[in-house]
Amino acid sequence: MDPQSGKLALGSVQIPMPRSRIGRVIVGLGLIFGGVLGFLPILGFWMLPLGFLVLSHDLPFVRRQRRRIALWWARRRGRKAEQR
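Calculation rules
Residues numbered from 1 in each chain as written. Predicted model: local features only at pLDDT ≥ 70, side-chain atom pairs only at ≥ 80, totals over all residues. Heavy atoms only, no water. Helix = DSSP H or I, 4+ residues; strand = E, 2+ residues; numbered from the N terminus. Rg over C-alpha atoms; globule rule 2.2 N^0.38 Å. Buried < 20%, exposed > 50% of the residue type's maximum accessible area, 1.4 Å probe, protein only. Contact = heavy atoms within 4.5 Å. Areas by Shrake-Rupley, 256 points an atom, 1.4 Å probe, with all protein chains shown as cover. Phe/Tyr/Trp six-rings, centres within 6.5 Å; stacked < 30°, edge-to-face > 60°. Pairing = 2+ DSSP bridges. pLDDT = per-residue confidence, 0-100. Arc of directions from axis to C-beta.

**Quick look at the overall build of the chain**
Scanning the chain from N- to C-terminus turns up three helices and two strands. Starting at the N terminus, the α and β elements of the chain follow one another as β-β-α-α-α. Taking 2.2 N^0.38 as the reference for a compact globule, 84 residues should give roughly 12 Å; the C-alpha atoms of the chain span a radius of gyration of 15 Å, well beyond that estimate. Considered along the principal axes of its C-alpha atoms, the chain spans approximately 45 × 35 × 25 Å. Residues counted as buried form 25% of the 84 residues belonging to the chain. Taking the contacts inside the chain whose residues are at least 6 apart along the sequence as the reference set, 25% of them involve residues at least 24 apart. Summed over all atoms, the accessible surface of the chain reaches about 6500 Å², with 64% contributed by carbon and sulfur.

Here is the structure:
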């Protein structure tokens, strides 16, 4: 999340986020709740990782988990690049 613009950057897509902490937590929890109901037609399981990504900006436990996953992913991609 870009602290100057207040937007969540996912590649080339930028999503505006609330400036207040409580607003971001509510959005993150709402996305996670919607992801749990992903079997319904409009909602989807794609909402779970997006909700955790929004929460990782404010909650240290979620931030640590996101960093671990990012490191694991980078190492995995590095190993696959070496095998080629």
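Structure's up, so let's keep going.
**Considerations on the packing of aromatic side chains**
Enumeration according to the criterion identifies one aromatic pair in this entry. Ring centres of Trp-72 and Trp-73 lie 5.9 Å apart, and the angle between their planes is 55 degrees; this geometry places the pair in the tilted category.

**Details of the pairing of strand β2 (residues 13–16)**
For strand β1 (residues 7–10) and β2, the ladder comprises four bridges, and the chain directions are antiparallel. In the strand pairing of β2, Ala-9 is matched with Gln-14. Between β1 and β2, which pair antiparallel and follow one another directly, the connecting turn spans two residues, one of which, Gly-11, has a positive phi of 70 degrees.

**Some remarks on the confidence of the model for the chain**
With 96% of its residues at a pLDDT of at least 70, the chain reaches an overall mean of 85. Looking over the chain, one finds the lowest element-wise mean pLDDT in β1, namely 77, and the highest in helix α1 (residues 21–36), namely 90.

**Looking at the environment of Leu-43**
Mapped onto the secondary structure, Leu-43 falls in the loop between α1 and α2 (47–55). Owing to a relative accessible area of 27%, Leu-43 belongs among the partly exposed residues under this scheme. In the structure, Leu-43 is positioned ten residues away from Phe-33 in sequence and 9.7 Å away in space, judged by C-alpha atoms. Non-local contacts of Leu-43, meaning those with residues more than four positions away in its chain, are made with Gly-34, Leu-37 and Gly-38.

**Some thoughts on α2**
An α-helical turn contains 3.6 residues, so any two residues separated by three or four positions project in the same direction. Taken together, the buried positions of α2 are Met-47, Leu-50, Gly-51, Val-54 and Leu-55. Seen from one end, α2 has its buried residues packed into an arc of 135 degrees, which puts them on one side. Where the residues of α2 are buried, they touch β1, α1 and α3 (60–83).

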